[in-house]
Amino acid sequence: MVFRLIIVLFFFSVGVFSQEKFIKHKISKGENLSVIAKKYGVKTKDIEDANPNAPKVLKLNSVLLIPNTNKKNTVKKTEIAANTTPAATSNSGQHEVQEKENLWAISKKYNISVDDLKKANPTLESEDLKIGQKLNIPSNAIASTDNTKKNQKTEKPEIISSTDVEVVVEVKPKETKYLIAKKYGITVAELERQNPFIKGKLPVGYLLKIRTSKEKADQQIKDAAIASQTQVTENAVATSEKTTQNTEAAKPEIIPATSDVEVVVEVQPKETKFAIAKKYGITVKELEKQNPFIKGKLPVGYVLKIHTTKEKADAAAGIQTTPEINTNLSTPTQVADNSEVKRDTATVFRVSNHSDLVNQLIVNATENIGTRYRSGGTTKAGFDCSGLMICTFNNFDIKLPRSSIEQSRVGVKVGTEEAQKGDLIFFKTNGRRHINHVGMVVEVADGEIKFVHSSTHGGVIISSTKEPYYQRSFSQVNRILQ
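Thresholds, definitions, all that
- Residues numbered from 1 in each chain as written.
- Predicted model: local features only at pLDDT ≥ 70, side-chain atom pairs only at ≥ 80, totals over all residues.
- Heavy atoms only, no water.
- Helix = DSSP H or I, 4+ residues; strand = E, 2+ residues; numbered from the N terminus.
- Buried < 20%, exposed > 50% of the residue type's maximum accessible area, 1.4 Å probe, protein only.
- Contact = heavy atoms within 4.5 Å.
- Areas by Shrake-Rupley, 256 points an atom, 1.4 Å probe, with all protein chains shown as cover.
- Salt bridge = Lys/Arg side-chain N within 4 Å of Asp/Glu carboxyl O.
- Axes fitted to C-alpha atoms, helices over the stretch in contact; angles between N-to-C directions.
- Parallel < 35°, antiparallel > 145°, perpendicular 65-115°, else oblique.
- Left-handed = near helix turned anticlockwise from the far one by under 90°.
- Nonpolar A, V, L, I, M, F, W, Y, C, P; charged D, E, K, R; others polar.
- Arc of directions from axis to C-beta.
- Polar contact = N/O pair within 3.5 Å; in protein donor to acceptor, adjacent residues only side chain to side chain.
- Pairing = 2+ DSSP bridges.
- Core = buried A, V, L, I, M, F, W, Y, C linked by side-chain atoms within 4.5 Å.
- pLDDT = per-residue confidence, 0-100.
- 1 Å grid on protein atoms, 1.4 Å probe; cavity = no way out; pocket = protein on both sides within 12 Å on 5 of 7 lines; lining within 4 Å.
- Points joined across faces, edges and corners; volume = space filled by probe spheres on them.

Draft legend 1. Broad picture of the overall build of the protein chain. Helix and strand counts for the protein chain stand at 17 helices and 18 strands. Burial statistics for the protein chain: of 482 residues in total, 33% are counted as buried. Counting contacts in the protein chain only where the partners sit at least 6 residues apart, residues at least 24 apart contribute 59% of the total. By element, 55% of the accessible surface of the protein chain is carried by carbon and sulfur atoms, the whole surface being about 31,000 Å².

Rendered as structure tokens:
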């Protein structure tokens, strides 16, 4: 009897010990050892040691013994702390960049300057803002935002009075998007968003509309005024020094007579770059250099600024009221006289500056490389083969027929060994019996002719007569310029 009592007491003590040392856990759906171990703050190995006979794949509703390390409360406390961490983090000196946010908006949000924000984040000097990027916020800014949040409990939400202003800025030579954006306290991305047309190049003379703070705008106006005043002072000093030197030499200064003037010209219907350049005695390249925005199309009504001699300006003004006078004795410019010479029912355009004009034709045509093929197209929206030739030559007041077969009747046929740059080259493609494709010769070397054309499969490209396809379909070469 005593022996039985001892055995009962032994098992009871073991049960009590087990209850204190282990916790029973009923397995729920989706649980595994890692999840359970994390829940109780123990290691998975401790659970495996406590359940040596447990299967590797846990069964639903089965019971596991979990080592009791008195960490349950700690786990709860950790979870509570984790839940409160985001709130603390939001005030711990970091800001996550949201969509459409810029440096100026973020600086206003934390009542700091853009410069302070950049000092706290040195990478902003060389990189643009990215959505989701973490920015460090100075501690004094955090304190001010905390105070603002406390005040919002008793006050209405604060509406920051918009002190933004819009300024119009002209792009100067050697200025970059980064320099302009930095000058006005915005990012390059924000600058491009406000001016979508500068996502590619940034043309000199382009007018940008920039929305920025009034302080930044006023500062730039002051800086510009100081720079202008400094320049005027330097010029005045230089002039006075020259005057002093001339007085000492007792010889009057002879200033070379420069009669260059700047005229403002409005593009009229049917006017071309070549015609305007010819009228003012400059090249098409010089005209485009002075007016970068006309490198593509030349819109009717567009106002051009042209720097030329006073004589040419007066002569151009006189052309509107007096008949055109032949000025072949003047300095030769890139002119196509368009005087037609009949030869075997073919038309040849005689020009006084053949090589210069040919080079410009090639440059004008090859600028369209990459433009897609478009049947019947004669614009940058898409070209067919004859349309590319019409557009190119039309820019220099040389009118060509519409189709390739009609263009093949212009000029004089020459042999392939006589072909040269600027000639038109014709093909009979797809087994046709008549000419149906045209290009312009851009290079001739070692019996190989390279030509620019608008291909149905590749758009505007440069091809070669060495290619088997064009070797088989070659028809003739025409010279239309002499």
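Draft legend 2. The arrangement of unusual backbone geometry in detail. The residue N61 is not glycine, and still its phi comes out positive at about 70°. Residue classification places N61 among the partly exposed residues on the basis of a relative accessible area of 47%. Even without being a glycine, N430 presents a positive backbone phi close to 55°. As for its position among the elements, N430 is in the loop between β14 (424–427) and β15 (437–445).

Draft legend 3. Representation of the pattern of salt bridges. The final tally for this structure, using the stated rule, is 9 salt bridges. K273 is paired through a salt bridge with E288; the nearest N and O atoms lie 2.9 Å apart. Of this pair, K273 sits in helix α11 (residues 273–279) while E288 sits in helix α12 (residues 284–290), and the two are 15 residues apart along the sequence. Both residues of the pair, K273 and E288, count as buried. For the salt bridge of R402 with D384, the shortest nitrogen-to-oxygen distance reads 3.0 Å. On the criterion of sequence distance, the pair formed by R402 in the loop between α15 (385–394) and α16 (404–407) and D384 in the loop between β12 (382–383) and α15 is long-range, its members being 18 residues apart. With a relative accessible area of 33%, R402 lands in the partly exposed category. Owing to a relative accessible area of 9%, D384 belongs among the buried residues under this scheme.

Draft legend 4. Inspection of the packing of helix α14 (residues 354–366) against α15 at higher detail. At a minimum axis distance of 9 Å, the contact between α14 and α15 shows a crossing angle of 130°. The angle between α14 and α15 places the two elements in the oblique class. At the point where α14 passes α15, the crossing takes the right-handed sense. Across the interface between the two elements, L361, N364 and A365 of α14 pack against L388, T392 and F393 of α15. Of the residues that constitute the contact of α14 with α15, the class distribution is 4 nonpolar, 2 polar and no charged.

Draft legend 5. Spotlight on helix α2 (residues 33–40). Buried within α2 are the following residues: I36, A37 and Y40. Seen end-on, α2 carries its buried residues on one side only, within an arc spanning 100°. For α2, the N-terminal capping position is held by N32, with its side-chain oxygen 3.1 Å away from the main-chain nitrogen of S34. Once α2 finishes, G41 follows within two positions and takes phi at roughly 70°, a positive value.

Draft legend 6. Just the sheet that holds β15, in detail. The antiparallel open sheet is built from 6 strands, whose spatial order is β13-β18-β14-β15-β16-β17. What marks the edges here is a single partner per strand, and that holds for β13 (412–414) and β17 (459–464). Each strand of the sheet is rotated relative to its neighbour by a mean of 35°, with strand direction disregarded. Of the strand pairs in this sheet, β14 and β15 are connected by 4 bridges, and their pairing is antiparallel. Bridge pairing links L424 to M440 in β15. Relative to the sheet, α14 contacts β15, β16 (448–455) and β17, its axis offset from that of β15 by approximately 120°.

Draft legend 7. Broad picture of the nonpolar core. Counting 42 residues, the largest nonpolar core has I306, F393, L424, M440 and L481 as its most contacted members. Grouped together as the second largest cluster of nonpolar side chains are 15 residues, V188, L191, Y206 and A217 included.

Draft legend 8. A look at the side chain of T429. If you trace the backbone, T429 turns up in the loop between β14 and β15. We classify T429 as buried; its relative accessible area is 8%. T429 has contacts with N436, H437, Y469 and S473, leaving out every residue within four places of it along the chain.

Draft legend 9. Just the confidence of the model for the protein chain, in detail. Summarising the model, the protein chain shows a mean pLDDT of 76, and 72% of its residues fall at 70 or more. Here strand β9 (residues 339–343) stands out as the element of the protein chain with the lowest mean pLDDT, 39, in contrast to β14, whose mean of 97 is the highest. Here residues 153–162 is a poorly scored stretch, pLDDT under 50, and it has 3 contacts once near neighbours within four places are set aside; other chains count. In the predicted structure, residues 320–346 sits below a pLDDT of 50 and forms 44 contacts with residues beyond four places in sequence or in another chain.

Draft legend 10. Seen up close, empty space enclosed by the protein. This model, assessed by the stated rule, comprises 1 cavity of 30 Å³ or more. What lines the largest cavity is a set of 13 residues, and nearest its centre among them are K118, L124, Y178, I186 and T187. Sort the elements by how many residues they give to the lining of the largest cavity and helix α8 (residues 177–183) lands first, with 3 residues. Broken down by class, the residue content of the lining of the largest cavity amounts to 7 nonpolar, 1 polar and 5 charged.

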